[in-house]
Amino acid sequence: MVLNSRDVVVVGAGKIGATVAELLAGRGGHRVTLADRDAARLAALDTGVPIAKAAIDVESAPGTLAGLARGKFAIVSAAPYHLTARVADAARDAGVHYLDLTEDVASTRHVKQLAELGASAFVPQCGLAPGFVSIVANDLARRFDTLDSIRLRVGALPRFPSNALNYNLTWSTDGVINEYCEPCEAIVGGVRREVPALEEREEFALDGVTYEAFNTSGGLGTLCETYLGRVRELNYRTIRYPGHAAIMKTLLHDLRLRDRRHVLKDILEHALPATLQDVVIIVVTVSGLRAGRYVQETYANKIYGSDLNGRTRSAIQVTTAAGICAILDLLSEGVLPSRGFVRQEDVPLDLFLRNRFGQIYAATPGNLSRPPHHPAAPKARESRGMATAG
């Protein structure tokens, strides 16, 4: 089947899905159909660029999605993690490429199984983490003769926290709860293990601000599989302001809300306001031997929100949407395999950053990594690329 690389179906009209559709239809020049089960949400959505809309309930009628996608280039899933498998099934049935943003480990295993027999490319975990951080980690790791450790730290934080959790809702509440509850993959002492979420808390400072980081599920993507036997330590931890992990542990464990996630979701969405004034922090550190010396290399970056078609988008919206849009571009250009399971670490960092969407991550003057003007914004120095310490 010949696929038209300009025709794309985006599933999920939430914060991220709408931004993905807008980027692809606007800057990307794609013909986009945005699908969601909520017809009222679709009708109320003003994207600022021409986008077709389709009210489809993927959970109850997955065949409808396959019919919509047949003959198009790809299905891009920005649906909740529990629908990932159904959307991937629809892509297989339609014979089109598949990309998603999921951090859910079980969903990715299902996508990998589909890719083994499918006639198109299946590219999961195309967002920020998992996603871009895996591309960075792989680029740093290939510079070493022998690897010792790979550590990924990522967080989307409010720039002006105003509650005890020091947190605002910046993306999927279901996704946040899932990554705080599910086991986390890691390599410890050269052995692949599952470690508990919210544990192994650490503190560090960046640009004079203190943060905490702790285990969360899904951020490593397929890196454990890729680097097993090649590295002593590999882990992913989410960045928050200090105090957040302790309160979440009380809610999830002491009050047993991990067993009543719908209750916790209701509490968080009614108590924590959303904000567009956020910052995405990325720190990836790799250590090992190079030319006989034990050295460390670190990528660190802060990315702020920006305007898109005259409307403000949060940093997590921009970075997540830009990640999957860049991968779609590289797939349509033939840079990535057109069949089978494609890992994020298969994506060359230099090509990603040169991409029209990937440039959002490049910490250079004039792009979206620069903080918008705000009279109350804290003064902070932005990390601009790579720093090496020996």
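Described below are features of the structure shown in this document. All figures in this text were calculated on a predicted structure; none of them were measured in a lab. (Residues numbered from 1 in each chain as written. Predicted model: local features only at pLDDT ≥ 70, side-chain atom pairs only at ≥ 80, totals over all residues. Heavy atoms only, no water.)

Things to note about the pairing of strand β11 (residues 209-215)
For a regular strand, side-chain orientation follows a simple rule: the groups alternate between the two sheet faces. Most of β11 sits out of view: five of its seven residues are buried. Pairing between strand β10 (residues 202-206) and β11: five bridges, direction antiparallel. Bridge pairing in β11 links Glu-203 to Glu-212. Bridging between β11 and strand β12 (residues 233-240) involves four bridges; their strand directions are antiparallel. In the sheet register, Phe-214 faces β12, and the bridge partner there is Thr-238. (Buried < 20%, exposed > 50% of the residue type's maximum accessible area, 1.4 Å probe, protein only. Helix = DSSP H or I, 4+ residues; strand = E, 2+ residues; numbered from the N terminus. Pairing = 2+ DSSP bridges.)

Digging into empty space enclosed by the protein
Over the atoms rolls a probe the size of a water molecule, and its path tells where empty space is left. Inspection of every chain in the model, using the stated rule, returns two cavities of 30 Å³ or more. Among the secondary structure elements, those contributing two or more residues to the lining of the second largest cavity are α7 (173-181) and α9 (244-254). (1 Å grid on protein atoms, 1.4 Å probe; cavity = no way out; pocket = protein on both sides within 12 Å on 5 of 7 lines; lining within 4 Å. Points joined across faces, edges and corners; volume = space filled by probe spheres on them.)

Some details on the packing of aromatic side chains
Within this structure, the stated rule accounts for eight aromatic pairs. Ring geometry for Tyr-180 and Phe-214: centres 5.9 Å apart, planes at 65°, overall edge-to-face. A residue pair is termed long-range when its members are at least 10 positions apart, and Tyr-180 in helix α7 and Phe-214 in strand β11 qualify at 34 residues. An aromatic cluster is built from Phe-132, Tyr-299, Phe-352 and Tyr-361, whose rings are joined through pairwise contacts. (Phe/Tyr/Trp six-rings, centres within 6.5 Å; stacked < 30°, edge-to-face > 60°.)

What about unusual backbone geometry?
Ala-129 connects to Pro-130 through a cis peptide bond whose omega is 5°. By the secondary structure assignment, Pro-130 is in the loop between β6 (121-123) and α6 (132-141). Positive phi, normally seen in glycine, also occurs at Ala-291, with a value near 55°. In this structure, Ala-291 sits in the loop between β13 (278-290) and β14 (293-304). What makes Ala-291 exposed here is its relative accessible area of 70%.

Some remarks on α9
Among all positions of α9, only His-244, Ala-245, Met-248, Leu-251 and Leu-252 are buried. Buried residues of α9, seen end-on, are gathered within an arc of 130° and therefore sit on one face of the element. Buried residues in α9 make contact with α7, β11, β12 and α10 (261-271). A positive backbone phi angle near 60° is found at Arg-256, which sits one or two residues after α9. (Arc of directions from axis to C-beta. Contact = heavy atoms within 4.5 Å.)

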